[in-house]
Every structure is written in structure tokens, then in C-alpha cells.
Amino acid sequence: MIAFFVFRLALLIVALLAVRRIWRASTVQGLLTLLLPFYVFVAMVRYWSDPDHGIRWHVLVLTVGGVLGFFWQQRLIHEYVTQQAALQAQLLERQPGDESDADDESDGDAAPDKTAPRATIEFGPAARLANRPARSASTQGPVEHTADAPSARHVDAEPAPRASAPAPDIAAAARPTLRDALASATFLRGRFDRSSAGFALELPAHFHALVGVDARRIESSLGLAPDTREVGWVMHENVQPGSPDSWHVRVRWLDDGWVALSGSTTDTERLLRDAQQAPSKSARLAGSGGALVGYAIAPAFDAETIDWVEERLPENTTESVLDCHALRIGQRGVVEFSVVGVRPGSQVLCDLSVRLLARNVRFDAGYAHTADPPAAVRHAGYTATDLVAQRP
Amino acid sequence: MRTGMVLCVCAFAAGTAQGQDDEARIEQLIYRPASSPAAVKKGGGHGAAKTDAAAALLGHPVRVETVERGLYLGTLLAADGSSVVLDISLPHQTLPYTLPRSIVADIQALDAGAP
């Protein structure tokens, strides 16, 4: 909002400068330009060839800025209206006693998505919704329709017995069902605020988000261990939650402290070699585990953002999967965006999605990354390159 | 002054354009209808030349780059017009791995010290 007002102020200054130039040529023309709407175009034509009083460039800037400002204003109005509707809807729908943290309670900045599917959802095997150890050989993934999309590439490893699903038990019977968890989830749009971590995520137009509480409830319904670093999920509006092709971006906050960016190697061959040959692997990032086959998209370093796609062979499987990662480095930690366990061939869509979200992170004042850590901020003990290579 | 104003407007437009490019591309990839299987690529002579160059690296450590900025390291076991087969060495296993030739952009030999 502040940026919008600054933008409008800049246009006002340009307009006043144009009026001043015309005023110097003729007081009457200056007054008419100031008072009459669109008379500026008459003045522009009148003084077109006059180098001292011409206002061609001023009019160009005002025209382009006016068009941009109009569409920007429309978007702000739309967001405000949906935010107000969301606040009222949340007050009505929030049940007492729900598990929530301060950020989930304050998600009034984001509007609930009324178009998200609810109780009539059909869903496939539970293990397909999110990736964890002991997955089956089947994979889900973004449905990327391209002419040259290769089929799933087979890794010619020894076939291993498929991991069996955990036997149901009394604890499983007490868990919410996936259908109930999805039905009670609220999809949010607009600004996804994480004030306790010092950042906010501007959700793109066709994406909506689930807060950490709803995401953990869904994971609980699948019998998965809770991820304490997960702050939410982001999904494309076209993806049906729980469908066989369902995929989502896991948003995680690695609050380990300041992470060094300078000195990070961009030698992708060395990164890959280090990641493959490491005797042990860190568990900082979400992932499929198993062996790293290669980079479907090699790491790209862009200021405070890093994105890449790994092709991995999970344990006890013969088909590789893709793990897509994007990191946004802040002063006190790293915001991680990961899509885990998608099928090969989806790397472009997957990488674009996580990279777009990483670039849409907005850090609060004092939380953006700095070249040197402030005295009050602890060091994470690893670099950005260590994260990419997943060194312990 | 005029140049500065125009540059400011262009910089603002460029900053928003990059994010919008990614968004537009995502929408294209999600909503594009599935196409029929790709026909045999033309320019078979050029493809034959590339296969010959790769054949000279058989048995050597290579790095394979794909058209989507992918990277794979391993020993080249086989390369023909349809696929490239690598032997990827990992700490606890060795993986024979097949890549479709259509996505391979370049195959280069690695240094002698590389695995």
C-alpha cells in the first residue's frame, strides 16, 4: 500500500513539473493545463517542437504510470474486499480449542478462498499426498503438459521389495480422516503473514495457502510425523487436494540463524559431486531421501534466492522422483519452499513454482539478509552452499 | 531529467514483469492440453554427428547437461540416437541410469581426477 502511494506521489510530481514548463511559456496555458482534465494533451501538441517548454516525456510517463496505477489500484481494492470477507468468515468458522499459533491466529491478512473444494473431495492412497520415508514406488506430480515431456526414467537398480504400509492401530483410529482434515481446512489468498519469523509471503494470483495447523492436521490424518519447521502449504488453485496428481509446496522456516551467502560456490558440478559423495546427509531440507541421481535443474544463485531440482532414487524403489527446492535467505534464517516426490518430467513447472514463491517473500524491516551478521543474531553454523549440497 | 523519468518507469515495469513471466509460464504449463507423441525429429544428420561425438567418450567420466539446465555425472556406458546410459557412482552403490537423448544438450568429458 505504501509503495502504491509513493508511486502516485511520483506521478504527481511529474505532473506538476509538466505544468511548470507550460506555465513558463504561458500563464493561461499553464492554468488550463492545471485545471482542465486532459488539456495536457493540447499543451503537449501546442509545444511539441519547443525544447524549452515541450512536455512529451512528461505526458508519456504520466500515461504509462496512469495505466499501471489503475490496474494496481484495482488489485488493491480486490484484496481489501476479500480480506474483509475473510475476517468475517474466520470469526464465524473458527472453532474454540483448535491448536494454533500466533501467526495462524493473525492470518486475517489473507483471505479465505471460497472456491476451494470442500466435502465432496475424492482422494487416492494416503501416502501420495505428502512424501515421507517408506513411500511406495508410485509417485504423484505436477501435471505438466509438454510436447517433449519424457516419461518416468527407470533407474536400473536391483528391484527391492516394496515397503509395506504400517498396520492400522488404535492410534490410527483416533486420527482425523483425510476427508475431515481437508473439509476443515481453510485456503487463504493474498498475503500470508509470518510475523513471528519476520517475513510475509505474497501469494501469486492463482495460488492459495494452508496454515501450519491445517497442514499438520492433514499430515496427522495420513499418519505422518509432524514437521515442526513447517509453517504451511501453498497449492495451485487448479490442483485438487488429495487427488492422484495432487502436489503442494511445503513452506518451512529454518530459524537456525544467519547463513553466509558470500563465498558460496556456484560450481554446480562440484556441488553435485559433494552432494553425491557425502558420507552422511543432513536432514535440514525436506526431501525424498535415498540417493541423489543428479540435478534435473542445476542450482541457480540469484541474490538471496537459490533454486534447483534434484532427481533422487528413494530407498526400496526402482523409479526416480524429483525434489524441487527454493531457498530465500533472511537475516535470522532461511525460508524453504519444497515440492517433494514428484514425477520426472515435471521439473520446469515445479521449479518455476518454488522459485516464484521464494521471490515473493517480503522480509520485515531488520529481517532482510545482510552481508555481515548483526551482533545480536547467532550464526547458523552452515552456509547456503551447505544447504544446497545437504552437507551435515 | 527526461531520461531519468523514463528509466524509472522502465525499471518498475521490469521488476514486476519478471514475476509475471513466471506466473504466466506456470499457467501455460498447467493448462496446456496434452499433445500427441512427438514425431521423429528432423535433421537426422546432425543427430548422427552428435552420437558419433558421444561414442568417442564411451567408458570415460562425463558430465551430461540437459536442455533444462540439468546436470548428471557418471561414466558413459552407451550413447545412441534414442538414449544415453550413465554409470553413476555413489558412496554405497553404482546406478546404471538412462536419459532420453531428446533432452541431452551436451556431453563433455570430465577431468581425470573426477569420479
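Please read all numbers here as calculations on a predicted model, not as lab measurements.

**Here we look at the overall build of chain A**
Item 1. When helices and strands are counted, chain A shows eleven helices and 13 strands.
Item 2. For chain A, buried positions account for 50% of its 392 residues.
Item 3. Sequence-distant contacts in chain A: of pairs separated by 6 or more residues, those separated by 24 or more amount to 68%.
Item 4. By element, 58% of the accessible surface of chain A is carried by carbon and sulfur atoms, the whole surface being about 18,100 Å².

**A few points about the packing of aromatic side chains**
How two aromatic rings sit relative to each other is set out by the distance from centre to centre and by the angle between their planes.
Residues and elements named next belong to chain A.
Item 1. With the rule as written, the count across this model stands at eight aromatic pairs over all chains.
Item 2. Aromatic side chains Phe4 and Phe5 sit 5.9 Å apart centroid to centroid with 65° between the ring planes, which places their arrangement in the edge-to-face category.
Item 3. On the basis of an interplanar angle of 80° and a centroid distance of 5.4 Å, the ring pair of Phe4 and Trp72 is categorised as edge-to-face. One end of the pair, Phe4, is in helix 1 (residues 2–25); the other, Trp72, is in helix 4 (residues 56–93), and 68 residues separate them in sequence.
Item 4. In this structure Phe4 comes out as buried when scored by relative accessible area, which is 7%.
Item 5. The lysine or arginine in question, Arg332, covers the ring of Tyr367, its NZ or CZ lying 4.8 Å from the ring centre.

**Re helix 9 (residues 268–277) of chain A**
Item 1. Where helix 9 of chain A is concerned, the buried positions are Thr268(A), Glu269(A), Leu271(A), Leu272(A), Ala275(A) and Gln276(A). Axial view of helix 9 of chain A: buried residues confined to an arc of 160°, hence all on one face.
Item 2. Contacts from the buried residues of helix 9 of chain A go to strand 8 (291–302) and helix 11 (384–389) of chain A together with strand 1 (61–66), strand 2 (71–79) and strand 3 (83–89) of chain B.
Item 3. Looking at where helix 9 of chain A begins, the residue whose side-chain oxygen comes 3.1 Å from the main-chain nitrogen of Glu269(A) is Asp267(A).

**Digging into the pattern of salt bridges**
Item 1. Tallying each qualifying case throughout the model produces 22 salt bridges over all chains.
Item 2. Asp307(A) is the salt-bridge partner of Arg69(B), the closest N and O atoms lying 3.8 Å from each other. Here Asp307(A) lies in strand 9 (residues 305–313) and Arg69(B) lies in the loop between strand 1 and strand 2, a pairing that spans two chains.
Item 3. For Asp307(A), a relative accessible area of 2% corresponds to the buried category.

**Topic: the confidence of the model for chain B**
In regions of low pLDDT, the predicted coordinates are not meant to be interpreted in detail.
All names here are of chain B.
Item 1. In this model, chain B carries an average pLDDT of 76, and 61% of its residues clear a pLDDT of 70 or more.
Item 2. Below pLDDT 50 for its whole length, residues 34–46 participates in seven contacts with residues either more than four positions away or in separate chains.
Item 3. In the model output, the complex is listed with pTM 0.66 alongside ipTM 0.76.

**Some points on the pairing of strand 2 of chain B**
Residue and element names in this part refer to chain B.
Item 1. By the bridge criterion, five bridges tie strand 1 to strand 2 in an arrangement that is antiparallel. Across the sheet, Val64 pairs through a bridge with Tyr72, a residue of strand 2.
Item 2. Turn length for the strand 1-strand 2 hairpin, with the two strands adjacent in sequence and antiparallel, is four residues, and the turn residue Arg69 shows positive phi of about 70°.
Item 3. Sheet topology places strand 2 next to strand 3; four bridges connect them, and they run antiparallel.

**Overview of unusual backbone geometry**
Item 1. In this model, Gln390(A) sits at a positive phi of 55°, which is unusual for a non-glycine residue.
Item 2. By the secondary structure assignment, Gln390(A) is in the segment after helix 11.
Item 3. A relative accessible area of 6% places Gln390(A) in the buried class.
Item 4. A positive phi angle, near 70°, is found at Arg69(B), a position not held by glycine.

**As for the confidence of the model for chain A**
Residues and elements named next belong to chain A.
Item 1. Counting all residues, the mean pLDDT for chain A is 80, and 76% of those residues have values of 70 or more.
Item 2. Within the model, pLDDT remains below 50 along residues 145–152, and this stretch shows 19 contacts once partners closer than five positions in the same chain are excluded.
Item 3. The low-confidence segment residues 154–166 (pLDDT under 50) makes 21 contacts with residues lying over four places distant or belonging to another chain.

**A closer look at the packing of helix 2 (residues 27–35) of chain A against helix 3 (residues 39–46) of chain A**
Residues and elements named next belong to chain A.
Item 1. Two elements in contact, helix 2 and helix 3, have axes separated by 7 Å at closest approach and are oriented at 145°. On the side of helix 2, the interface is formed by Gln29, Leu32 and Thr33, while helix 3 contributes Tyr39, Val40, Ala43 and Arg46.
Item 2. Taken together, the residues that form the contact of helix 2 with helix 3 break down as four nonpolar, two polar and one charged.

**Digging into a nonpolar patch on the surface**
Residues and elements named next belong to chain A.
Item 1. Taken together, the side chains of Leu9, Leu12, Ile13, Leu16, Trp23, Leu31, Leu34, Leu35 and Leu36 present a nonpolar region at the surface, about 850 Å² in accessible area.
Item 2. Contributions of two or more residues to the nonpolar patch are made by helix 1 and helix 2.
Item 3. With respect to the helices, strands and loops of the structure, Leu12 is situated in helix 1.
Item 4. Residue class for Leu12 comes out partly exposed when judged on its relative accessible area of 46%.

**Topic: the packing of helix 1 of chain A against helix 2 of chain A**
Describing two packed helices takes the angle between their axes plus the distance from one axis to the other.
Residues and elements named next belong to chain A.
Item 1. Between helix 1 and helix 2, the shortest axis-to-axis distance is 6 Å and the interhelical angle comes to 155°. The orientation of helix 1 with respect to helix 2, classified from their angle, is roughly antiparallel. Across the interface between the two elements, Val19, Ile22, Trp23 and Ala25 from helix 1 touch Thr27, Gln29, Gly30, Leu31, Thr33 and Leu34 from helix 2.

**Focus: the environment of Thr266(A)**
All names here are of chain A.
Item 1. Its location among the elements puts Thr266 in the loop between strand 7 (258–260) and helix 9.
Item 2. Here Thr266 falls in the exposed class, since its relative accessible area comes to 55%.
Item 3. Separated by 32 residues in the primary sequence, Thr266 and Ala298 place their C-alpha atoms 9.8 Å from one another.

**Focus on the nonpolar core**
Item 1. Core analysis: the largest hydrophobic core is formed by 72 residues, its most contacted members being Val234(A) and Phe337(A).
Item 2. Here this core takes eight residues from helix 10 (residues 347–359) of chain A, the largest share from any one element.
Item 3. Within the second largest apolar cluster, 24 residues are counted, among which are Leu327(A), Ala380(A), Leu71(B) and Leu110(B).

What counts as what
Residues numbered from 1 in each chain as written. Chains lettered and ligands numbered in written order. Predicted model: local features only at pLDDT ≥ 70, side-chain atom pairs only at ≥ 80, totals over all residues. Heavy atoms only, no water. Helix = DSSP H or I, 4+ residues; strand = E, 2+ residues; numbered from the N terminus. Buried < 20%, exposed > 50% of the residue type's maximum accessible area, 1.4 Å probe, protein only. Contact = heavy atoms within 4.5 Å. Areas by Shrake-Rupley, 256 points an atom, 1.4 Å probe, with all protein chains shown as cover. Phe/Tyr/Trp six-rings, centres within 6.5 Å; stacked < 30°, edge-to-face > 60°. Lys NZ or Arg CZ within 6 Å of the ring centre and 35° of its normal. Arc of directions from axis to C-beta. Polar contact = N/O pair within 3.5 Å; in protein donor to acceptor, adjacent residues only side chain to side chain. Salt bridge = Lys/Arg side-chain N within 4 Å of Asp/Glu carboxyl O. pLDDT = per-residue confidence, 0-100. Pairing = 2+ DSSP bridges. Axes fitted to C-alpha atoms, helices over the stretch in contact; angles between N-to-C directions. Nonpolar A, V, L, I, M, F, W, Y, C, P; charged D, E, K, R; others polar. Patch = residues over 30% accessible without salt bridge, like charges linked within 9 Å, V, L, I, M, F, W, Y side chains within 5 Å. Parallel < 35°, antiparallel > 145°, perpendicular 65-115°, else oblique. Core = buried A, V, L, I, M, F, W, Y, C linked by side-chain atoms within 4.5 Å.

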